[in-house]
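# Geometric and topological summary
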Amino acid sequence: MRLGFHLSIAGSLRRAVYQAQVLGCQALQIFVQNPRGWKWRPVAPAEIREFTRARRQAGLGPLVVHLGYLPNLASPDPALLALSCERLSRELSLARDLAADYLVVHPGHGDLSEASFQRVARALAQAVAAIGPPPLVLLENTAGQGRELGWRFEHLARIITLSTVPLGLCLDTAHAYGAGFDLASPGGVARLLADIARGPGLPALKLIHLNDSRQPCNSRRDRHWHLGQGAIGLTGLRHLLSHPWLRPEAAIMETPKRHQGDEWYNLLVARSLVAGLPLLPPPVEA
Ligand SMILES: [Zn+2]
Ligand SMILES: [Zn+2]
């Protein structure tokens, strides 16, 4: 399982590749635009060439693009839905130009009705029919915060079925824990994998977002935390990562960055978990 981080593209896209190299990452996830704004920053062909060359030299893969936070593919408001669909297509197209392997998408916000799932499925089908795969679009499970869809794997399976285009799954461990899967216990891990198997199917699971959680199980809250220092803990994360059913291509960490050493710590813990090395004691909080 290849390991990497979600890294910042502030300054230039290539900066994320350099950061990944310094850390010794094998995989990389980025946003390709400001995730909290609708304004589109044009990316020049030279910047794309520079990025793809640097990424190839660094041997980074898979390259994952995460869609920004503003698009809501489930919105019943026609204007917001149209804006969201346009943004999805533009980011998917830019991800393809950057030779990304995956585009991670949250299903959206809305009521748990068939109409909501149909809107998401239609938006994804239109974008995928026009562009790719590759990149393959991966639906990410959510914590179910507010009116978020996708906190149950049957939601994601329904969207995939309705879309009739190839789609995959990205499993976020902190979101799953918030949604009620007690990953701190072997029973919770087994229930999670059984739900994935019954829903989108285990072969759809291409990527893990490997995060601990600062919120309790079933809190329906989304708060990522450093590996082994949150409520899931090292034993829970090890149960999950060592499960024979779990064969994702890569694990991307979206852990908080408060100090310079945070990424080194999380990468070291992730490596020891994946390699089955003895558990590290959590560092003392400063
Ligand atoms: Zn996400
Ligand atoms: Zn995530």
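Please refer to the structure higher up on the page.
Everything in this summary refers to the structure shown in the same document. Bear in mind the structure is a predicted one, so any value in this text is a computation, not a measurement.

### A look at the pairing of strand β6 (residues 168–172)
Successive residues of a regular strand alternate their side chains across the two faces of the sheet. Across the five residues that make up β6, a large majority, five, are buried. The two faces of β6 match: Gly168, Cys170 and Asp172 on one face and Leu169 and Leu171 on the other face are all buried. With three bridges connecting them, strand β5 (residues 136–140) and β6 associate as parallel partners. Within the sheet, the bridge partner assigned to glutamate 140 lies in β6 and is cysteine 170. Between the parallel pair β5 and β6, the chain is carried across by helix α5 (residues 153–163), and the sense of this crossover is right-handed. Here β6 runs beside strand β7 (residues 205–209); their pairing, made up of four bridges, is parallel. Looking across to β7, one finds that leucine 171 is bridged to isoleucine 208.

### Comments concerning helix α7 (residues 186–198)
Think of an α-helix as 3.6 residues a turn; residues three or four steps apart then line up on the same face. Helix length check: α7 (13 residues) gives 18 Å between terminal C-alpha atoms against 18 Å at 1.5 Å per residue, within 8%. Those residues of α7 not exposed but buried are Gly188, Val189, Leu192, Leu193 and Ile196. Looking down the long axis of α7, one finds its buried residues gathered within 130° of arc, a one-sided arrangement. Turned more than 90 degrees away from the buried face of α7 sit Gly187 and Arg198, all of them exposed.

### What about unusual backbone geometry?
With omega at 0°, the peptide bond leading from glycine 132 into proline 133 counts as cis. Within the fold, proline 133 resides in the loop between α4 (114–130) and β5. A cis geometry characterises the amide bond from proline 134 onward to proline 135, with omega recorded as -5°. With respect to the helices and strands, proline 135 occurs in the loop between α4 and β5. The phi dihedral of threonine 164 is positive, around 55°, even though this residue is not glycine.

### Re the nonpolar core
Core analysis: the largest hydrophobic core is formed by 82 residues, its most contacted members being Leu28 and Leu103. The leading source of residues in this core is α4, at seven residues.

### Considerations on the pairing of β5
By the bridge criterion, four bridges tie strand β4 (residues 102–105) to β5 in an arrangement that is parallel. Pairing of tyrosine 102 across the sheet is with leucine 136, part of β5. In terms of handedness, the path from β4 via α4 over to β5 forms a crossover that is right-handed.

### Digging into the packing of helix α3 (residues 78–97) against α4
Relative orientation of the contacting elements α3 and α4 amounts to 35°, with a least axis distance of 10 Å. For the pair α3 and α4, the crossing hand works out as right-handed. Contact residues: Leu81, Ser84, Cys85, Leu88, Ser89 and Leu92 in α3; Arg119, Ala123, Gln126, Ala127 and Ala130 in α4. Of the residues that constitute the contact of α3 with α4, the class distribution is seven nonpolar, three polar and one charged.

### Observations regarding the packing of helix α1 (residues 13–23) against helix α2 (residues 45–58)
When two helices pack together, their arrangement is given by the angle between the helix axes and by the axis-to-axis distance. Where α1 meets α2, the closest approach of the two axes is 8 Å, and the angle between their N-to-C directions is 15°. With respect to α2, the axis of α1 lies roughly parallel. Crossing geometry of α1 relative to α2 is assigned as left-handed. Contacts from Leu13, Arg14, Val17, Ala20 and Gln21 of α1 reach α2 at Glu47, Glu50, Phe51, Ala54, Arg55 and Ala58. Residues of the contact of α1 with α2, tallied by class, amount to six nonpolar, one polar and four charged.

Each value, and the rule that gives it
- Each chain carries its own residue numbering, running from 1 in the direction its sequence is written.
- Here chains are named by letter from A upward and ligands by number from 1 upward, in the order in which they appear as written.
- Reporting in this predicted model follows two pLDDT cut-offs: at least 70 for local features of residues, and 80 or more for side-chain atom pairs to be given and counted; totals over whole chains, interfaces and linings ignore these cut-offs and use all residues.
- Think of it as a crowd count around each C-beta: if 20 or more other C-beta atoms lie within 10 Å the residue is buried, if 12 or fewer it is exposed, and in between it is partly exposed, with C-beta placed from the backbone throughout.
- Strands here mean DSSP runs of E at least two residues long; helices mean DSSP runs of H or I at least four residues long; both are numbered from the N terminus.
- For two strands to count as paired, DSSP must find a minimum of two bridges between them.
- The handedness of a crossover follows from its direction of travel: if, with the strands pointing away from the viewer, the path from the first strand over the helix to the second runs clockwise, the crossover is right-handed.
- Each residue after the first adds 1.5 Å to the expected span of a helix.
- By arc we mean the arc of the directions from the helix axis to the C-beta atoms, nothing more.
- Here, a nonpolar core means buried Ala, Val, Leu, Ile, Met, Phe, Trp, Tyr and Cys residues linked by C-beta atoms lying within 7 Å of one another.
- Orientation is described by axes fitted as lines to C-alpha atoms, over the contacting stretch for helices, and by angles from 0 to 180 degrees between their N-to-C directions.
- Helix crossings fall into two classes, left-handed where the near helix is turned counterclockwise from the far one by less than a right angle and right-handed where it is turned clockwise.
- This entry defines residue contacts through backbone-placed C-beta atoms, with two residues in contact when those atoms are within 7 Å.
- In this count, Pro and Cys sit with the nonpolar residues alongside Ala, Val, Leu, Ile, Met, Phe, Trp and Tyr, while Asp, Glu, Lys and Arg are called charged and the others, Gly among them, polar.
- Working definition: roughly parallel below 35 degrees, roughly antiparallel above 145 degrees, roughly perpendicular at 65 to 115 degrees, and oblique for all remaining angles.

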